[in-house]
Amino acid sequence: MAKVITAAQLVGYFQKAVADGWGYVWSLNGELYSRELAEHYHKIQRPTSKHRDPKTYWLKDCAKWIGKMAADCSGGIVGAHRQYNPSYQDQSANTFYSRCIEKGPISTIPEIPGLCVWRDGHIGIYEGNGNVLEFRGTDYGAVRTKLTNRNFTHWGRLRDVEYAEEKPMIFEVTSPYQRGPAYEAMQTALNAAGYDCGKVDGIWGPKSQNALQGLVEAHMPIGVSITVEAGGVTYRGDAVR
């Protein structure tokens, strides 16, 4: 199937939903949750999730979303697609994830906005910089959350989304004693990831280099180019998982 939207368009759709305070309503795909629709679904006792009672869901549980745009977690992705392809097929969170062309444990997520983040029964979109955009649930609506604060288990590259060509990132160390803000930032990141650089001082010594080597050897994402020439150790090339 041809790609129908870009990752930037997908992220932008979710960002607008968060900024405009869209609601979460089971089975909606980015549409107005009108009073008429709520009353109709209540009248026919339209089925909802196993966690909600259709006798109260449509008019009581979702009362604050009446008159607002709304979607459920996978419906947000469907709604983004339907802006450009009105006949795009409705899919569940688990179906979207099962059809991903690349996926992995959440601990290995690349820094690529527009990837999906998933756990069984729920899905969101990775915004970048550790943030997730998601239709979190009936009580929350569309929100921005921190990936580290949520319980997503896997990431995926969505099948029908075109991701921008990624440029390799190069971090180069040519002396054990180079210094500056870039090296301070790298020390901070390595310490946070559990690779001990010692004191964060922006001075790239042997301890910082060893920490970087450990990260590279363990699990730097595919496509990240690293050059390290320090302390008698030279590493140059693409990291692999």
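This is a predicted model, so every value here is computed, not measured.

1. Section: unusual backbone geometry
- For Gln45, which is not a glycine, the phi torsion comes out positive at approximately 55 degrees.
- Checked against the element boundaries, Gln45 lands in the loop between helix H2 (35-43) and helix H3 (54-61).
- When its relative accessible area of 30% is taken as the criterion, Gln45 is described as partly exposed.
- Even without being a glycine, Asn129 presents a positive backbone phi close to 55 degrees.
- Residue placement: Asn129 occurs in the loop between strand S7 (122-128) and strand S8 (131-135).

2. Some remarks on the packing of H2 against H3
- Between H2 and H3, the shortest axis-to-axis distance is 8 Å and the interhelical angle comes to 170 degrees. One element, H2, and the other, H3, form an angle in the roughly antiparallel class. Counting all contacts with H2, which are made through Arg35, Ala38, Glu39, Tyr41 and His42, the residues of H3 involved are Pro54, Lys55, Trp58 and Leu59.
- Residues belonging to the contact of H2 with H3 are distributed by class as follows: five nonpolar, one polar and three charged.

3. Regarding the nonpolar core
- Counting 51 residues, the largest nonpolar core has Leu10, Val25, Tyr33 and Leu158 as the members making the most contacts within it.
- No other element matches helix H1 (residues 7-19), which puts seven residues into this core.
- In terms of nonpolar packing, the next biggest core, distinct from the first, is built from ten residues, Leu190, Tyr195, Cys197 and Trp204 among them.

4. Describing the sheet that holds strand S2 (residues 23-24)
- Spatially, three strands are ordered S2-S4-S3 in an open sheet, and the strand pairing comes out mixed. Of all strands in the sheet, those with a lone pairing partner are S2 and strand S3 (29-33), marking the two edges.
- As judged from the two bridges shared by S2 and strand S4 (residues 68-71), these two strands associate in the parallel manner. Its bridge partner lying in S4, Tyr24 is registered against Ala71.

Definitions and cut-offs
- Residues numbered from 1 in each chain as written.
- Predicted model: local features only at pLDDT ≥ 70, side-chain atom pairs only at ≥ 80, totals over all residues.
- Heavy atoms only, no water.
- Helix = DSSP H or I, 4+ residues; strand = E, 2+ residues; numbered from the N terminus.
- Buried < 20%, exposed > 50% of the residue type's maximum accessible area, 1.4 Å probe, protein only.
- Axes fitted to C-alpha atoms, helices over the stretch in contact; angles between N-to-C directions.
- Parallel < 35°, antiparallel > 145°, perpendicular 65-115°, else oblique.
- Contact = heavy atoms within 4.5 Å.
- Nonpolar A, V, L, I, M, F, W, Y, C, P; charged D, E, K, R; others polar.
- Core = buried A, V, L, I, M, F, W, Y, C linked by side-chain atoms within 4.5 Å.
- Pairing = 2+ DSSP bridges.

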